[in-house]
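# Observations on the model geometry
So you can see what is in the structure, the chains are spelled out below.
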Amino acid sequence: MAKIYIDGKAYEVDPNKNLLEVCLSLGYDLPYFCWHPAMGSVGACRQCAIKKFKDEDDKQGKLFMACMEPASDGTRISITDPEAVEFRASVIEWLMTNHPHDCPICDEGGECHLQDMTVMTGHTYRRHRYNKRTYRNQDLGPFINHEMNRCIQCYRCVRFYREYADGRDLNAFAAHNHVYFGRQEEGMLENEFSGNLVEVCPTGVFTDKTLKEHYNRKWDLTASPSICHHCGLGCNIIAGERYGGLRRILSRYNGEVNGYFICDRGRFGYGFVNSQKRIRQILRRGDASGKLEPVDKSTILKHLDKNFSKDRMIGIGSPRASLESNYMLKKLVGENNYYIGISGRELKLINLAIEILQDGPAPTPSMKEAEKADVVLVLGEDLTNTAPMLALALRQAARQKPKQKIKKMNIPEWNDHAVREALQDEKGPFYVATSQATKLDEIATKTWRAAPDDIARLGFDIAHSLNSKAPAAGNSDKELKSLIEEIAEALKNAENPLIVSGTGSGSEAVMRAAANIAWALCDSGKQARLSFAVQESNSMGAALLGGQSLENALERAQQSKTEALMVLENDLYRRAPEEAVNQFFDKFKTITVLDYLENRTTERAHVVIPVGTFAEADGTIVNNEGRAQRFYQAFRPDEVIQESWRWLRDILAEKGHADAKSLNGLDDFSEALIKEYPFFKEIRNAAPPAGFRIAGEKIPRQPHRYSGRTAMTANIDVNVPKPPDDSDSALSFTMEGYFGRPPSSLIPFFWSPGWNSAQSINKYQTEVGGPLRGGDPGRRLIEPSGNGKISYFTEIPEAFHPQKDEWLIVPVHHIFGSEELSVLSESVSKRVPQPYVDLNPGDAAQLKIEEAKEAEIELAGNVLRLPVKYRNEMPQGLAGLPVGLPGMAMIDLPARGKISGAGK
């Protein structure tokens, strides 16, 4: 530790930090623009000036930029020195000379870092009386609005986009005193993390275009702590509501999970909450009309009680429903009648991941830990499209090995520009083995394209090369042997090796091979980490709760007499072939569906019950690393819409179930779950209980400047309506309550006196960039057994050989399109591709199919006619088929199929 003096007061601080970080961590209000805790220092804005003294006798001192000075032992500085104060005020004035001062109409108004820093520096009078520099704004696509005239040239946008997220289509263009941040030509931003510009930009240059469509002031949003439901990573988000609709999503800092950022699917995919396809009434199919017609709650509960017999009913759960909802369905129908709404193949893959992570010696990393890996091997997973934020973390990991050089150069890691100048484009050992090209290929040391079985064989041979106890596949190709040896050597020499795979390839063999590599490293004394990506928000939680696959339910309906079916938040047509689902539904007299969106499954239902989305419900979900996290409703929906677990409780109560009356708030449901399944005991520590209070007060969802309660209903009644009471959490639906720092899992928005922008996160952390005070949200449920015994997987697949008249069809995932909910967001729908099939040009030539022409694919009883895309990286004998795109039939991939020209 180093001892420094700030305005005469001594502090023990970390000498590896810069003075700006140290001052902010100690609670000082020191203004800044260009610096960002995730991106380090470049010294571009000159706003964080402090006075630095040689020693205690030096009274004159010199001005330095705090972000560019190390916190060395004996450092003496002053933040309040008059010269430093005056200089900081003058810097703001320089930066503001061309600013339009359009706060009243700016989308950033009210949470603008520029506003905060202007007030903080005391710059109150504008002396500039000349024409301002103006720019032409660009259309940057459906996500981001561009207003270049507000720019203060801090360079944060290009630093994040180009250097942190590796985007290439946004840059700084400069000529004399003009600097323009935009694209070379107008067009959609291509990077999957472009939405972070909204929060990274300290002014209103880049703002949320989806928020602008239903404009409202930031201080009039009701917000809640929530979890993203668009993939299995469990990124923390803030959901903001106004007038009964979800208005925007912001990242919510979690030092162990997503840090400061989220992907564009998570930020802009919320449109389904406001969709025209929302189910907002209880519906029952009329006997005479055959149409779904509205009914009241009491009528439907009596109807369900009459038509549901426990020994003749089946319940289908969901990987996008909360733990509590799946548990209550299981309780309603009985364990033997409960099925997880996941295909047999996918359920096997998830259960395999759980088995590997629980029984093996290799721990799974948080995304923060993944960033620190110095050697990475990705097997079979297109992470940018299946687990985007993990892919972003791995982009930072690619720089870890080269960073070891800067220590010898005496360059501090926080000096970002100097580090990047020293390392240039050098990347550490990073290997990707997949069936098709991925976005991570651009940072990879080596890539290898092969069928899933061959990728698995590669993995088994790497494991054997690392440790002879692990079985070998026996690849004989010299070039492949060389690659195996290179990867094994890199992993041997790593300090923090990381192996990444997942369910996206649809291959158990690939996941087993990944486990063998990690275990071989552990067996050799390395602390390797192993990460698996899963497809949906609660895939891991649903599998941990237990249950049979959807195929088992389909088989049972064919073999035994079942009269009633209940489907929980699941469109079964996305899980199994259409014909099989149709035959399944035909077996039931009563089909009840609890969901929030109209889909093909609700079309077949006899009863449809409206339930709350993540923005209107509370619950717990478990991410890919086994971290249980709580999400809370941002607003109370119409009375008929409630959480699935609450509806299922009501159905149980109607049937006279003894325990149902004791289940009231969310805590009761969680405790009931824990009592029956003790494995989940840690979820009670994932967040404080509903009775939690600070100084006798709840935590408000609304900021203290919230101004619209009366105006919102003035057209109905001049009296202010009573806000709803929240019995499920320690949060209130009002602006009244405790405005200090709540527990990390209950932070609905970040705010501190003088800090209205997202930069106020600094005030909630133990130190800048560190964990939130009290610990980051969530509790890990899965940890390695630590018994020291390693039992390697020995079942090695045969090598793949292309067939003359048959292709192996492998799944292709899209960040925009493959996920069920986000495609209903209008902005995301503009990024969704049309269905197609990927072919190697050599295979296409053999089939005599030109690019963009249609091919006919016979696969799993389906005949598809799709345009062909040439992919040079696709191995011959393989074809790629997008999964989940609107209009695409559900096909369990990989699978073998025939391909021909559509004209044949």
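Here the residue numbers are simple positions, counted from 1 along each chain's written sequence. Predicted model: local features are reported for residues with pLDDT of at least 70 only, side-chain atom pairs are reported and counted for 80 or more only, and whole-chain, interface and lining totals are derived from all residues. Each side-chain value is derived from all of the structure's non-hydrogen atoms; neither hydrogens nor water enter the calculation.

Each helix is a run of H or I in the DSSP string that is no shorter than four residues. Each strand is a run of E no shorter than two, and both are numbered from the N terminus. Summing up its helical and strand segments, the protein chain has 27 helices and 35 strands in all. Computed over its C-alpha atoms, the radius of gyration of the protein chain comes to 28 Å, within 12% of the 29 Å expected for a compact globule of 904 residues. Along the longest, intermediate and shortest principal axes, the C-alpha atoms of the protein chain span 90 × 80 × 60 Å. Partly exposed residues are those whose accessible area sits between 20% and 50% of the maximum for their type, while under 20% is buried and over 50% is exposed, using a 1.4 Å probe and protein chains only. Burial analysis of the protein chain (904 residues in total) assigns 62% to the buried set. Here, two residues are considered to be in contact whenever any of their heavy atoms come within 4.5 Å of each other. When contacts within the protein chain are restricted to residue pairs at least 6 apart in sequence, long-range pairs at least 24 apart make up 73% of them. Computed with the Shrake-Rupley method and a 1.4 Å probe, the accessible areas treat only the protein chains shown as cover for residues. For the protein chain, the exposed surface amounts to about 35100 Å²; the carbon and sulfur share of it is 47%. Based on C-alpha atoms, the radius of gyration is set beside the globule rule, defined as 2.2 Å times the residue count to the power 0.38.

Here a salt bridge means any side-chain nitrogen of Lys or Arg lying within 4 Å of a carboxyl oxygen belonging to Asp or Glu. Taken as a whole, this structure holds 55 salt bridges when the rule is applied. One salt bridge in this structure joins D305 and K655, with 3.7 Å as the shortest N-O distance. A residue pair is termed long-range when its members are at least 10 positions apart, and D305 in helix 8 (residues 297-307) and K655 in the loop between helix 23 (644-654) and helix 24 (666-676) qualify at 350 residues. D305 sits in the partly exposed class, given a relative accessible area of 30%. Accessibility expressed as a relative area gives 31% for K655, which makes it partly exposed. Linking E682 and R779 is a salt bridge whose minimum nitrogen-to-oxygen distance equals 3.9 Å.

One way to put it is that helix 2 (residues 82-95) packs onto helix 3 (residues 113-121) with a least axis distance of 9 Å and a crossing angle of 140 degrees. Considered as vectors, helix 2 and helix 3 are oriented oblique to each other. In the packing of helix 2 onto helix 3, the handedness of the crossing is left-handed. Here R88, A89 and I92 of helix 2 come into contact with helix 3, specifically with L114, M117, T118 and T121. Put simply, Ala, Val, Leu, Ile, Met, Phe, Trp, Tyr, Cys and Pro go in the nonpolar bin, Asp, Glu, Lys and Arg in the charged bin, and everything else, Gly too, in the polar bin. Of the residues belonging to the contact of helix 2 with helix 3, the class tally is 4 nonpolar, 2 polar and 1 charged. Angles run from 0 to 180 degrees between N-to-C directions of axes, and those axes are lines fitted to C-alpha atoms, restricted for helices to the stretch in contact. Between 65 and 115 degrees an angle is taken as roughly perpendicular, under 35 as roughly parallel, over 145 as roughly antiparallel, and anywhere else as oblique. Left-handed describes a crossing in which the near helix is turned anticlockwise from the far one by less than a right angle; the clockwise case is right-handed.

Right, let's get into the side chain of D264. Relative to the assigned elements, D264 resides in helix 7 (residues 264-268). Polar contacts, as used here, are pairs of N or O atoms within 3.5 Å; protein pairs need one atom able to donate a hydrogen and one able to accept it. Residues neighboring in sequence count only if both atoms are side-chain atoms. Engagement of the side chain of D264 in a polar contact is seen with the backbone nitrogen of G195, the distance being 2.7 Å. With near-sequence residues (within four places) excluded, D264 lies in contact with F143, N191, E192, F193, S194, G195, G269 and F816.

Here 6 strands make up a closed barrel; going around it, the order is 30-34-31-33-32-35 and the pairing mixed. Strand-to-strand twist of the sheet, defined as the mean angle between neighbouring strand axes without regard to direction, takes the value 45 degrees. We treat two strands as partners when DSSP finds at least two bridges between them. Alignment of strand 30 (residues 807-812) against strand 34 (residues 878-882), held across 5 bridges, turns out to be parallel. Within the sheet, the bridge partner assigned to V812 lies in strand 34 and is P882.

Along the chain, V510 turns up in helix 18 (residues 508-523). Overall, the relative accessible area of 0% leaves V510 in the buried class. Separated by 56 residues in sequence, V510 and D454 place their C-alpha atoms 8.7 Å apart.

Attention now moves to the packing of aromatic side chains. To describe a pair of aromatic rings, one takes the distance between the centres and the angle between the planes. Only rings of Phe, Tyr and Trp enter the pairing, Trp through its six-membered ring, and a pair is recorded when the two centres are within 6.5 Å. The plane angle decides the type: under 30 degrees is stacked, over 60 is edge-to-face, the rest tilted. This model, assessed by the stated rule, comprises 24 aromatic pairs. Each ring, one from F750 and one from Y764, has its centre 5.0 Å from the other, and the planes form 90 degrees; the classification is edge-to-face. Of this pair, F750 sits in the loop between strand 28 (731-732) and strand 29 (779-780) while Y764 sits in the loop between strand 28 and strand 29, and the two are 14 residues apart along the sequence. Take Y764: its relative accessible area is 5%, and that puts it in the buried class. Grouping aromatic residues by their ring pairs yields a cluster made of F160, Y164, Y253, Y260 and F261.

Note: α-helices contain 3.6 residues per turn, so residues at a spacing of three or four share the same orientation. By the criterion of burial, helix 23 is predominantly enclosed, with 9 of the 11 residues buried. Tucked inside the fold, the buried residues of helix 23 contact helix 8, helix 9 (323-333), strand 22 (564-568), strand 23 (590-595), strand 24 (607-610) and helix 24. Two residues or fewer past helix 23, G656 is found with a positive phi of approximately 80 degrees.

Right, let's talk about unusual backbone geometry for a bit. Peptide bonds are trans in most cases, and residues, glycine excluded, mostly fall at negative phi. A cis geometry characterises the amide bond from L893 onward to P894, with omega recorded as 5 degrees. Looking at the element boundaries, P894 is found in the loop between strand 34 and strand 35 (895-901).

Bringing the pairing of strand 8 (residues 178-182) into the picture now. Burial analysis of strand 8 places 4 of its 5 residues in the buried class, the great majority of the element. As judged from the 5 bridges shared by strand 7 (residues 171-175) and strand 8, these two strands associate in the antiparallel manner. Following the sheet pairing, F173 is matched in strand 8 by Y180. Linking strand 7 back to strand 8 in an antiparallel pair, the connection comprises 2 residues, with H176 at a positive phi of about 40 degrees.

Strands in a sheet are paired, the pairing made by backbone hydrogen bonds, and the direction either parallel or antiparallel. Pairing is mixed across the open sheet formed by 7 strands, whose spatial order is 14-13-24-23-22-15-16. Of all the strands in the sheet, just strand 14 (292-294) and strand 16 (338-339) have a single pairing partner and so form its edges. Where strand 13 (residues 283-285) and strand 24 come together, 2 bridges link them in antiparallel fashion. Paired with L283 across the strands is V608, a residue of strand 24.

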